Amino acid sequence: MSSSYFVDADGYYGEFGGAFVPEMLHGNVEELREKYLDIITDEAFQSELSRLLHDYAGRPTPLYFAPRLSAELSAKVYIKREDLLHTGAHKVNNTLGQILLAKRLGKKRIIAETGAGQHGVATATVCAMMGIECVVYMGALDVERQAPNVARMRMMGARVVPVNSGSKTLKDATNEALRDWINNPESTHYIIGSVVGPHPFPDMISRFHAVTSREIREQLKRAEGRELPDTVVACVGGGSNAIGAFYHFIDEAQVQLIGVEAAGCGVDSGETAATMRLGSPGVLHGSMSLVLQNDDGQILEAHSVSAGLDYPGVGPQHAHLQKSGRAKYVSITDAEALQAAFELARLEGIIPALETAHAFAYLKQYEPKSGEVIVVNCSGRGDKDMAAYLTELNKQEA
Ligand SMILES: *Cc1c(COP(=O)(O)O)cnc(C)c1O
């Protein structure tokens, strides 16, 4: 795709994007920039990726018409079931693409960073499947908080390295992964987990997730006789599942695109991850985008009940889609997301991830036109969040 909403020849989306990396990483990033398009658009690559997406990950995912939720809203709500993918979320679309790319680049070793552990699991999964060495950097605090995902990664043969510097969370793990990449430029590929990082990562990763909106178009055509929904809604952490759901609609001006970020305890509470709303332009993890920072440019800690949305940055394409007015971004609190997860569970028998619940929560404030066709991207399933849901259940029943 090439339009003013997609990356330009210099790696920018309007004023956002670019590649801000230390001198020592120029070689790696430059190699990727030169080769990624040729590799991933190659026919043999595409057919191997399609086969794995189908046979291994479980694509195409269903586009489910949700009758009870639709009745509640007086609209036609379709749920794109990315939660049914192997490993339980959309992230495997990206890690499958990148592991094939790493092989074509002749890399023998994979590194990744992870916060909640979901990207670490999706990376460890494809490395096991391909028989490639995998090292996952994870903040020491997150290693403690996300024990089940640490166990999954280890069971699949990945080495999980706890990072004890700084706040011992995702941002420190990312710094450690970058340091590793600097020291092992020849052998190693760094699988970044969302549409963030230096160019060409955001563009490359968005192309791997674009399969979601490609399928939505075909499936809607069969279900509704038209490829274009009126509205697409998706949650936004770094923004990868949202870009995947938006991608093939971005140049269709009549499709309304809505990204839902995490307000945490509230946009003005100081405990929030509402980067689109509160962020200002700055460089984080290799690109210029909106960033939660103080007046001195110090990155602020983000808060959300969902570990996957609690990130102080956002992909540069989202910053541009907001600034240009093409997409709209709203925010939902922890409490609203929790409530929406219970409502979806009881209306449709689908327990969403806490991240995903933010997208569903927005429907409650949304006023659809009569008969409006809305697609909600169900980015992941709630198994990993059962402890939080159980606490809430016990509260409700007390
Ligand atoms: C990681 C994750 C997210 C947030 O990441 P994006 O890059 O914004 O998609 C959202 N939903 C689920 C289920 C996740 O695991």
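This one's a predicted model, so the numbers in the text were calculated from it and none came from an experiment.

### Section: the site of the ligand
Now for step 1: Around the ligand sit 18 residues in total, of which K91, S194, G237, G239 and S240 are the nearest.
Now for step 2: At 2.6 Å, a side-chain N or O of S194 approaches an oxygen atom of the ligand.
Now for step 3: Separating an oxygen atom of the ligand from a side-chain N or O atom of S240 is a distance of 2.7 Å.
Now for step 4: Its free accessible area being 380 Å², the ligand has 97% of it covered by the protein chains.
Now for step 5: Looking at the shell around the ligand, its residues break down into four nonpolar, twelve polar and two charged.

### Focus: helix α4 (residues 91–104)
Each α-helix turn comprises 3.6 residues. Residues three or four places apart therefore point the same way.
Now for step 1: Taking 1.5 Å of rise per residue, 14 residues should cover 20 Å, and α4 covers 21 Å from first to last C-alpha, within 8% of that figure.
Now for step 2: Where α4 is concerned, the buried positions are K91, V92, N93, N94, T95, L96, G97, Q98, I99, L100, L101 and A102.
Now for step 3: Looking one or two places after α4, you find G106, whose phi comes out positive at around 75°.

### Some remarks on the sheet that holds strand β5 (residues 109–114)
Now for step 1: Here we have four strands laid out as an open sheet, ordered β7-β6-β5-β8, and parallel in their pairing. The two strands at the open ends of the sheet, each matched to only one other strand, are β7 (159–163) and β8 (188–190). Neighbouring strand axes in the sheet, compared pairwise and without regard to direction, differ in orientation by 25° on average.
Now for step 2: In the sheet, β5 pairs with β8 via three bridges, with the strands oriented parallel. Bridging across to β8, I111 finds its partner in Y190.
Now for step 3: Each of β5 and β8 is contacted by α4, which is oriented at about 155° to β8, the strand it contacts most.

### Remarks on the pairing of strand β13 (residues 327–333)
Now for step 1: Most of β13 sits inside the fold, with five of its seven residues counted as buried.
Now for step 2: Two elements, strand β10 (residues 256–264) and β13, share seven bridges in a ladder whose sense is parallel. Each residue of the ladder has a partner; that of G264, found in β13, is T333.

### What about the pairing of strand β12 (residues 287–291)?
Now for step 1: Among the five residues of β12, four are classified as buried, and the element is accordingly described as predominantly covered.
Now for step 2: In terms of strand pairing, strand β11 (residues 280–284) meets β12 through five bridges, oriented antiparallel. Each bridged residue has a counterpart across the sheet, and for L284 the counterpart in β12 is S287.

### Things to note about the nonpolar core
Now for step 1: Judged by nonpolar contacts, the single largest core of 82 residues is most densely connected at L101 and F246.
Now for step 2: With six residues, the single largest contributor to this core is α4.
Now for step 3: The residues touching F246, leaving out its near neighbours within four places in the chain, are S213, V232, A234, L257, I258, G259, H318, L321, A327 and Y329.
Now for step 4: Counting residues in hydrophobic clusters, the runner-up holds 37 residues, among them A66, V260, L292 and A357.

Calculation criteria
Residues numbered from 1 in each chain as written. Predicted model: local features only at pLDDT ≥ 70, side-chain atom pairs only at ≥ 80, totals over all residues. Heavy atoms only, no water. Near = heavy atom within 4 Å. Polar contact = N/O pair within 3.5 Å; in protein donor to acceptor, adjacent residues only side chain to side chain. Areas by Shrake-Rupley, 256 points an atom, 1.4 Å probe, with all protein chains shown as cover. Nonpolar A, V, L, I, M, F, W, Y, C, P; charged D, E, K, R; others polar. Helix = DSSP H or I, 4+ residues; strand = E, 2+ residues; numbered from the N terminus. Expected span 1.5 Å × (residues − 1). Buried < 20%, exposed > 50% of the residue type's maximum accessible area, 1.4 Å probe, protein only. Pairing = 2+ DSSP bridges. Axes fitted to C-alpha atoms, helices over the stretch in contact; angles between N-to-C directions. Contact = heavy atoms within 4.5 Å. Core = buried A, V, L, I, M, F, W, Y, C linked by side-chain atoms within 4.5 Å.

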